[in-house]
Amino acid sequence: MIKRSEEVATALAEGRPVVALESTIISHGLPQPRNLEVARELEGLVRAGGAVPATIAVLDGVPRAGLTDEELVRVATEPGLRKLGFRDLAPCATLKLSGATTVSATSFLAARAGIRVFATGGLGGVHRGYTSVQDESADIDTLSRTRITVVCAGVKSILDVPATLQRLETRQVTVVGFRTDTFPGFYLHTSGEPVDWRIESAEEAAGVMRAQDALGGPETALIVANPVPEDEQLDPVLHDRVLAEALQAAEAGGVTGQAITPYLLEYLVEATQGASLAANLAAVRGNTRLAAEIASSWTPEN
């Protein structure tokens, strides 16, 4: 049911490295025309790293792994494009609608297409105030049953980071820090929370992937937590102040449920005059480069 582009299908058949990219950053995360520029830039970074990009989306009900430039333009410009998590894939396919994929949908479709490495910005996780509203991203559940390697800059800093790390541990999702002993803070170089495992190279990440396969067990993900460089992070003092203001504004406005994440992220973009978006893009670029290195270092057994 998943349609691979000719380039992606050929690369997979020949055992060449492929990196999955999500499409919500194109359709929902950036303004036009910047979104299309970034989509093309990220695909270019994958190619520069010796791998084939496979941007994931659903078009006219058909899940796709790898888009033509025309299809990238469509994702970047088509009004009303749905935002799809894993649970949305079946109704979207049945109704022959189109949508951009989040981490949960991208991870699932990439793995089903035979792609092992996926680059994104930040994961979803446990929301603040979980004990009252029990709001947890579907990303955690999908990653707990999907064998894929996700290169990210941690989880979005608007979330409860310690609780998210605890949930990932409970769901047996492996987390390794890439040249760091602390979990990244998405916009920030560090969240201050320790990670149990540290790796120094793409080759070591590929080694962990091979060990996962050799050991067997639950088909869980590997998260490679790659911090945004300190000189490209959002100023930590500014981040903490604006985030506190955003949380207060959301509570005062009664913003809850699925609306809370886009509300807080947009608040940060506006209140930091775009600095949070710049840090986000710096993280995504670094993750994309590293994902291409990992995919090139990992050779599946034929």
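> So what's going on with the overall build of the chain? Which residues, and what values?
Across its full length, the chain holds 13 helices and 11 strands. Against the compact-globule benchmark of 19 Å for 302 residues, the chain has a radius of gyration of 18 Å, which places it among compact chains. By its C-alpha atoms, the chain is 55 × 45 × 35 Å across when sized along the principal axes. Looking at the chain residue by residue over its 302 residues, the buried ones come to 52%.

> Can you explain the packing of aromatic side chains? Please cite residues and give values.
Applying the stated criterion across every chain, the model contains 3 aromatic pairs. Seen from their ring centres, Phe-186 and Tyr-187 are 4.6 Å apart, and the 50 degrees between their planes marks the pair as tilted. With relative accessibility at 3%, the residue Tyr-187 sits in the buried group. When the centroid spacing of 6.4 Å and the interplanar angle of 40 degrees are considered together, the rings of Tyr-263 and Tyr-267 count as tilted. Residue Tyr-263 and its partner Tyr-267 are located together in helix 12 (residues 260–271), separated by 4 residues, close to a single helical turn. Judged by relative accessible area, Tyr-263 falls into the partly exposed class, the value being 29%. Above the ring of Phe-86, the side-chain terminus of Arg-145 is found at 5.0 Å from the ring centroid. Directly above the aromatic system of Phe-186 lies the positively charged group of Lys-156, at a separation of 5.8 Å from the ring centroid.

> Please set out the pattern of salt bridges residue by residue, giving values where relevant.
Applying the stated criterion to the full structure yields 16 salt bridges. As a salt-bridge pair, Glu-37 and Arg-34 come within 3.4 Å of each other at their nearest N and O atoms. Taken together, the positions of Glu-37 and Arg-34, both in helix 3 (residues 34–48) and 3 residues apart, correspond to about one turn of that helix. A cluster of three or more residues bridged by salt bridges with shared partners is formed by Asp-60, Arg-74 and Glu-78.

> How would you explain the packing of helix 10 (residues 202–215) against helix 13 (residues 275–297) if you had to name every residue and give the values?
The relative placement of two packed helices is expressed as an angle between their axes plus a distance between the axes. Interhelical geometry of helix 10 versus helix 13 gives an angle of 55 degrees and a closest axis separation of 8 Å. Our classification of the angle between helix 10 and helix 13 gives oblique. Viewed along their axes, helix 10 and helix 13 form a crossing whose handedness is right-handed. Mapping the contact onto sequence places Ala-202, Glu-203, Ala-205, Ala-206, Met-209 and Arg-210 in helix 10 and Glu-293, Ile-294 and Ser-297 in helix 13. Here the residues of the contact of helix 10 with helix 13 sort into 5 nonpolar, 1 polar and 3 charged.

> Lay out the side chain of Asn-287 with the relevant residues and their values.
For Asn-287, the location among the structural elements is in helix 13. Side-chain polar atoms of Asn-287 contact the backbone oxygen of Thr-120, separated by 2.7 Å. In this structure the side chain of Asn-287 is engaged in a polar contact, spanning 3.1 Å, whose partner is the side chain of Asn-226. With sequence-adjacent residues up to four places away left out, Asn-287 is seen in contact with Ala-119, Thr-120, Gly-121, Val-151, Cys-152, Ala-153 and Asn-226.

> How would you sum up the packing of helix 3 against helix 13? Please name residues and give values.
It is at 8 Å that the axes of helix 3 and helix 13 come closest, and there the two elements cross at 25 degrees. Judged on the interaxial angle alone, helix 13 and helix 3 are roughly parallel. Both helix 3 and helix 13 take part in a crossing whose hand is right-handed. Taking contact as the criterion, the partners of Arg-34, Val-38, Glu-41, Leu-42, Leu-45 and Val-46 in helix 3 are, on helix 13, Leu-281, Val-284, Arg-285, Thr-288, Arg-289 and Ala-292. For the contact of helix 3 with helix 13, a count of residues per class yields 7 nonpolar, 1 polar and 4 charged.

Calculation criteria
Residues numbered from 1 in each chain as written. Predicted model: local features only at pLDDT ≥ 70, side-chain atom pairs only at ≥ 80, totals over all residues. Heavy atoms only, no water. Helix = DSSP H or I, 4+ residues; strand = E, 2+ residues; numbered from the N terminus. Rg over C-alpha atoms; globule rule 2.2 N^0.38 Å. Buried < 20%, exposed > 50% of the residue type's maximum accessible area, 1.4 Å probe, protein only. Phe/Tyr/Trp six-rings, centres within 6.5 Å; stacked < 30°, edge-to-face > 60°. Lys NZ or Arg CZ within 6 Å of the ring centre and 35° of its normal. Salt bridge = Lys/Arg side-chain N within 4 Å of Asp/Glu carboxyl O. Axes fitted to C-alpha atoms, helices over the stretch in contact; angles between N-to-C directions. Parallel < 35°, antiparallel > 145°, perpendicular 65-115°, else oblique. Left-handed = near helix turned anticlockwise from the far one by under 90°. Contact = heavy atoms within 4.5 Å. Nonpolar A, V, L, I, M, F, W, Y, C, P; charged D, E, K, R; others polar. Polar contact = N/O pair within 3.5 Å; in protein donor to acceptor, adjacent residues only side chain to side chain.

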